[in-house]
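Secondary and tertiary structure notes
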Amino acid sequence: SNSPLFPLRAWNSVCPLVIKLKNFYTFSIRLEEVLQGLLSELTYSLNTAPLASTALERKQALAKQFAEILHFTLLFDELKIRNPAIQNDFSYYRRTISRNRINNMNLEIENEVNNEMANRMSLFYAEPMPMMKTLSKATTNFVMENKSLPLEKTTDCLSTMANVCRIMLETPEYSSRFSSEDTLLFCMRVMVGVIILYDHVHPNGVFIKSSTIDIKSSLKVLKDQPADKVEGLLNALRYTTKHLNDESTPKNILMLLQ
């Protein structure tokens with residue numbers, strides 16, 4: 001029906017968006033599983049290699065996949081945070097399906113996104129950075145479920161990746177070889193992604209002096225880039241890390257993130 005109760009044009013433009021949002025939401029669940037599988041392979045390989053860097057060299061293809069996931073995650077979240085319309089459109093969708101249920105109208109899209117699915121998606125998109133939140137939770141669960149694996153194996157794996165990215169970014173011989181700005185952004189996103197994951201799984205976080213990630217140098221590398229390129233990444237560090245506001249975080253680190 002095309003009554004004032006049900007403005008068809010708005011509805012027809014929102015439905016394809018809702019399907020797209022559902023696809024990304026279900027993709028985030030897949031990412032969670034894949035990330036845990038990759039972590040398992042990378043961290044357990046540390047048991048047989050003397051150094052984390054050696055283990056990652058042996059498993060280069062898997063480390064690259066891990067990096068690709070982090071790159072996608074931070075890119076997705078940067079775009080999501082810049083698009084407040086996403087949540088407005090989704091709220092409109094939920095209001096409309098509730099109203100139609102009251103009026104006993106049957107909407108085909110409900111086979112795709114019913115009330116229960118809409119509630120789960122709503123919680124997901126309510127997060128400022130939903131994909132990063134998903135990966136942080138997945139990494140924390142991985143550590144909890146693998147009690148026999150020393151935590152250092154996971155933190156070593158993450159800190160090695162973070163430090164390799166930082167060194168590539170701050171060393172002119174490497175960074176001048178980056179074929180494009182995309183490669184530079186890729187490297188920065190991966191570095192920020194592993195810093196956030198480390199902060200979630202290490203009991204004292206990434207910002208303390210004894211952290212195996214050189215957080216001060218990592219932040220300096222970001223601050224050296226044009227502000228518009230790194231604002232999203234700095235926001236990710238501000239809003240999705242766990243320990244930034246702990247008393248143990250040095251003042252100079254807080255200053256760098258202001």
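The sections below set out a description of the structure shown in this document. This is a predicted model, so every value here is computed, not measured.

The next subject is the overall build of the chain. Summing up its helical and strand segments, the chain has 12 helices and zero strands in all. Reading the chain from its N end, one meets helices and strands in the order α-α-α-α-α-α-α-α-α-α-α-α. Projected onto its principal axes, the C-alpha coordinates of the chain cover approximately 65 × 40 × 40 Å. In the chain, buried positions account for 48% of the 258 residues. Contacts in the chain between residues at least 24 apart in sequence constitute 74% of all its contacts with a sequence separation of at least 6. Per element, the accessible surface of the chain, about 13400 Å² overall, is 54% carbon and sulfur. Within the chain, one finds 29 positive and 27 negative side-chain charges whose respective centroids are separated by 3 Å.

This part takes up helix H3 (residues 60-81). With 22 residues, H3 extends 32 Å from end C-alpha to end C-alpha; this agrees with the ideal 32 Å at 1.5 Å per step. Among the residues making up H3, those that are buried are Ala63, Phe66, Ala67, Ile69, Leu70, His71, Thr73, Leu74, Phe76, Asp77, Glu78 and Lys80.

On to the nonpolar core. Residues Phe66, Tyr93 and Leu222 are the most contacted members of the largest nonpolar core, which totals 75 residues. If you tally residues by element for this core, the top one is helix H9 (residues 181-201), at 14 residues.

We now examine the packing of aromatic side chains. As enumerated under the stated definition, the model contains seven aromatic pairs in all. Seen in terms of ring centroids, tyrosine 25 and phenylalanine 124 are 5.5 Å apart; in terms of plane orientation they differ by 65°. Their pairing is edge-to-face. Of this pair, tyrosine 25 sits in helix H1 (residues 8-44) while phenylalanine 124 sits in helix H5 (residues 115-126), placing them 99 residues apart in sequence. Judged by its relative accessible area of 8%, phenylalanine 124 falls in the buried class. Taken together, the ring pairs in this structure connect Phe24, Phe27, Phe72 and Phe76 into an aromatic cluster.

So, how was this worked out
Residues numbered from 1 in each chain as written. Predicted model: local features only at pLDDT ≥ 70, side-chain atom pairs only at ≥ 80, totals over all residues. Heavy atoms only, no water. Helix = DSSP H or I, 4+ residues; strand = E, 2+ residues; numbered from the N terminus. Buried < 20%, exposed > 50% of the residue type's maximum accessible area, 1.4 Å probe, protein only. Contact = heavy atoms within 4.5 Å. Areas by Shrake-Rupley, 256 points an atom, 1.4 Å probe, with all protein chains shown as cover. Lys, Arg positive; Asp, Glu negative; His and termini not counted. Charge placed at Lys NZ, Arg CZ, Asp CG, Glu CD. Expected span 1.5 Å × (residues − 1). Core = buried A, V, L, I, M, F, W, Y, C linked by side-chain atoms within 4.5 Å. Phe/Tyr/Trp six-rings, centres within 6.5 Å; stacked < 30°, edge-to-face > 60°.

Read these as geometric descriptors, not functional statements.
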